[in-house]
Amino acid sequence: MVHFGFSYVGVIYLLMLFIPNIFWAKNQPKDYDKYVGNEKKSLLLFERAGEVLTSALCLIFSDFNIRTDSLWCLWLPLSFIFMVLYELYWIRYFRSEKTMADMYSSFAGFPVAGASLPCLGFFTLGVYGTNIFLILASIILSIGHIGIHLMHRKESVEAKKPNKAVKVVKILLLILITAILLVIVIAIGGRNFNWFTHYIDTSKGVNESIYVPIGGQEQYLLIRGKDKSNPVILYIHGGPAGPDSPISPVFTDPLIDDYTIVCWDQRGCGRTYFRNCDDDPDNKTVSFDQALKDTDELVDYLRGRFNTDKVILMCHSYGTIVGTRYVQQHSEKVEAYIGIGQFVSYRRSNEISYNEAVEIARSTGKDTSKLDSLYNAYLNSDSLSDYLAFRKEANKYHPAERKANTLMLAMFSPYTGMDDLRWLLKQKDLDDFSELEKPLLELAASYDIYEQDMHYDVPMYFISGEMDYVCNTSLVGTFYQEITAPEVEFVVISGGGHTPHYESPKLFADAVRGLLQHS
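Residues numbered from 1 in each chain as written. Predicted model: local features only at pLDDT ≥ 70, side-chain atom pairs only at ≥ 80, totals over all residues. Heavy atoms only, no water.

A. Region of interest: the pattern of salt bridges. Throughout the structure, instances matching the rule amount to 20 salt bridges. The partner of Glu-208 in a salt bridge is Arg-305, and the shortest N-O contact between them spans 2.9 Å. One end of the pair, Glu-208, is in strand E1 (residues 206-214); the other, Arg-305, is in helix H11 (residues 288-305), and 97 residues separate them in sequence. Taking relative accessible area as the criterion, Arg-305 reaches 32% and is therefore assigned partly exposed. For Asp-510, the salt bridge goes to Lys-506, with nearest N and O atoms at 3.4 Å. (Salt bridge = Lys/Arg side-chain N within 4 Å of Asp/Glu carboxyl O. Helix = DSSP H or I, 4+ residues; strand = E, 2+ residues; numbered from the N terminus. Buried < 20%, exposed > 50% of the residue type's maximum accessible area, 1.4 Å probe, protein only.)

This is the structure:
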């Protein structure tokens, strides 16, 4: 996003724009000159500024060049179609009698096509490159260029009386398209803003969205940090299969001055899933043992790449199951462990949540029949939908004070891609998702950390939201007191829920620094 560099696509677009205009200069419509003097200076100013800006901007960003990494790339052929229609419009004009009516007639349904089509071409090119600068430049050009030619058409061409029904349909369609494009422009603007406000100088640091071979698959990593010599943190997301790398800058931005942070879409989910789904569409290679092997291979990759003996593990929710087991297997490769919303036992956590919710409900005279029914359904079922229905109802009785709008965070993140959105949609189909992630979901549902060794050979730190009832904070408070490790500390973030790193990123970052200073 917003990468400076030469754009050959920009050169092609400028040639498609200027060559017809060179021929037009010698084939202007009759009486064209008499209308030029009526052009509004304000529109001329917009037109000239837009012409200069679009001509310059389309050349200096490499984001406009051809790529095929996601469905978003379909904006480029759409943009090119507008430019091809523009060329066809001129061919029709040059073969006509070259009157004002010929010049300002519609083409392929586009009014004043000679002005509107190139503006649409450059606008959609800006959308393709997620570049707010070209988008704004094309809007400026559109105001001036289309405005001037609409004025000329009104002055020189007798207007046809429109069909009212057609006019209404066109207006409604225009409103819908404008609303969609407005949302896209706002999102791209926010993404560009966040990119520049958290810019990383890659001559010293690292800012990469890459795929690396791990366990026979190409797996996705987002690596960010302002100094490659800083300690490395590997963040292992929760779920299972709940990758959050696109929005991870929310909690990593306050830390990248001091650490290089690696966010990973684990096997069988997110971008990693779509990168490998042709070979493994049903996630046959997904298992907990494979997750541990993948983690070890990734840790070795990071140790070699960043020339460090050890990495710091930062794990969330289900990811803490992976992290704690990995620490016990490979403590020699781990500097310290941080568990966010540490997983102890779903069953016990949900039992506490249910009992407290019932107590709150009865103290306020509320009917608990729905809560009772959903809890019993969860206890007697292995269905993910039953579990989620219970959690939704229970959360009404003890909601977290601090909340994070992850959808808005994703919308304005410069790292959100089409595969991230595709995975979000895939998660909405609970039956399909449950089948894809069955081994990991079954493990999480039955897992109890007390069935594992309670000794760890690295510093063990825990951060939980005060109101975390998914991985209950009170259970973590008991667990951390019962393990043995070189150092053990537990930080509770006031008012936080199951995702304190998103709900209170600054408090979370301060807690991480404070804990790691001890290790």
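B. A look at the pairing of strand E4 (residues 260-264). Across the five residues that make up E4, a large majority, five, are buried. The alternating pattern of E4 places Thr-260, Val-262 and Trp-264 and Ile-261 and Cys-263 on opposite faces, both of which are buried. With four bridges connecting them, strand E2 (residues 217-225) and E4 associate as antiparallel partners. Note that in E4 the partner of Leu-221 across the bridge is Trp-264. (Pairing = 2+ DSSP bridges.)

C. Focus on the side chain of Asp-372. Here Asp-372 is to be found in helix H14 (residues 369-379). We note that Asp-372 is buried and unpaired, the nearest opposite charge coming from Arg-362 at a distance of 5.2 Å. Here Asp-372 is in contact with Tyr-354 and Val-358, once residues within four sequence places are set aside. (Lys, Arg positive; Asp, Glu negative; His and termini not counted. Contact = heavy atoms within 4.5 Å.)

D. Representation of the sheet that holds strand E8 (residues 488-493). Here eight strands make up an open sheet; going across it, the order is E1-E2-E4-E3-E5-E6-E7-E8 and the pairing mixed. Strands at the two margins of the open sheet, each flanked by one partner only, are E1 and E8. Direction aside, the axes of adjacent strands within the sheet are offset by 20 degrees on average. In this sheet, strand E6 (residues 334-340) lies alongside strand E5 (residues 311-316) in parallel orientation, the contact comprising six bridges. By the bridge assignment for E6, Cys-315 is matched with Gly-339. Here helix H12 (residues 318-329) sits on the sheet and contacts strand E3 (232-236), E5, E6 and strand E7 (460-465); the angle it forms with E5, its principal contact strand, is near 145 degrees. With respect to the sheet, helix H20 (residues 473-482) is in contact with E7 and E8, its orientation differing from that of E8 by roughly 165 degrees. (Axes fitted to C-alpha atoms, helices over the stretch in contact; angles between N-to-C directions.)

E. Spotlight on the packing of helix H13 (residues 346-363) against H14. It is at 11 Å that the axes of H13 and H14 come closest, and there the two elements cross at 170 degrees. In this view, H13 runs roughly antiparallel relative to H14, as classed from their interaxial angle. On H14, the residues touching Tyr-346, Arg-347, Asn-350, Glu-351, Tyr-354, Ala-357 and Val-358 of H13 are Leu-371, Asp-372, Tyr-375, Tyr-378 and Leu-379. Considered class by class, the residues forming the contact of H13 with H14 number eight nonpolar, one polar and three charged. (Parallel < 35°, antiparallel > 145°, perpendicular 65-115°, else oblique. Nonpolar A, V, L, I, M, F, W, Y, C, P; charged D, E, K, R; others polar.)

F. Layout of the nonpolar core. Within the largest apolar cluster, 75 residues are counted, with the highest numbers of intra-cluster contacts made by Leu-125, Met-314, Ile-338, Phe-508 and Leu-516. If you look at the next biggest cluster of nonpolar residues, it comprises 69 residues, including Val-206, Tyr-318, Phe-343 and Tyr-354. (Core = buried A, V, L, I, M, F, W, Y, C linked by side-chain atoms within 4.5 Å.)

G. Examining the packing of helix H4 (residues 75-94) against helix H6 (residues 113-128) more closely. Relative orientation of the contacting elements H4 and H6 amounts to 165 degrees, with a least axis distance of 8 Å. Taken together, the axes of H4 and H6 are roughly antiparallel relative to one another. Viewed along their axes, H4 and H6 form a crossing whose handedness is left-handed. Facing H4, whose interface residues are Trp-75, Leu-76, Leu-78, Ser-79, Phe-82, Met-83, Leu-85, Tyr-86 and Tyr-89, H6 presents Ala-113, Gly-114, Leu-117, Pro-118, Leu-120, Gly-121, Phe-122, Thr-124, Leu-125, Val-127 and Tyr-128. Residues of the contact of H4 with H6, tallied by class, amount to 16 nonpolar, four polar and no charged. (Left-handed = near helix turned anticlockwise from the far one by under 90°.)

H. How the structure looks around the packing of aromatic side chains. Enumeration according to the criterion identifies 35 aromatic pairs in this entry. Measuring from centroid to centroid gives 4.0 Å for Tyr-354 and Tyr-375, while their planes differ by 5 degrees, and the two rings are stacked. You can see Tyr-354 sitting in helix H13 and its partner Tyr-375 sitting in helix H14, a full 21 residues away along the chain. Take Tyr-354: its relative accessible area is 16%, and that puts it in the buried class. Of the residues examined, Tyr-375 reaches a relative accessible area of 9% and is grouped as buried. Each ring, one from Phe-462 and one from Phe-479, has its centre 5.8 Å from the other, and the planes form 80 degrees; the classification is edge-to-face. Taken as a pair, Phe-462 in strand E7 and Phe-479 in helix H20 lie far apart in primary sequence, 17 residues in all. Across the pair, exposure class does not vary: Phe-462 and Phe-479 are buried alike. Three or more aromatic residues joined by ring pairs make a cluster, and in this case those are Phe-343, Tyr-346, Tyr-354, Tyr-375, Tyr-378, Tyr-387, Phe-390 and Tyr-447. The lysine or arginine in question, Arg-347, covers the ring of Tyr-378, its NZ or CZ lying 5.0 Å from the ring centre. (Phe/Tyr/Trp six-rings, centres within 6.5 Å; stacked < 30°, edge-to-face > 60°. Lys NZ or Arg CZ within 6 Å of the ring centre and 35° of its normal.)

I. How the structure looks around the pairing of E7. Where burial is concerned, most of E7 is hidden: six out of the six residues are buried. A two-sided burial pattern is seen for E7, the buried positions comprising Met-460, Phe-462 and Ser-464 on one face and Tyr-461, Ile-463 and Gly-465 on the other. Pairing of E6 with E7, which is carried by four bridges, proceeds in the parallel orientation. Across the sheet, residue Ile-338 finds its bridge partner in E7, namely Tyr-461. Across six bridges, E7 lies against E8 in parallel orientation. Each residue of the ladder has a partner; that of Ser-464, found in E8, is Val-492. Between E7 and its parallel partner E8, the chain crosses via H20, and the hand of that crossover is right-handed. (Right-handed = clockwise from strand over helix to strand, strands pointing away.)

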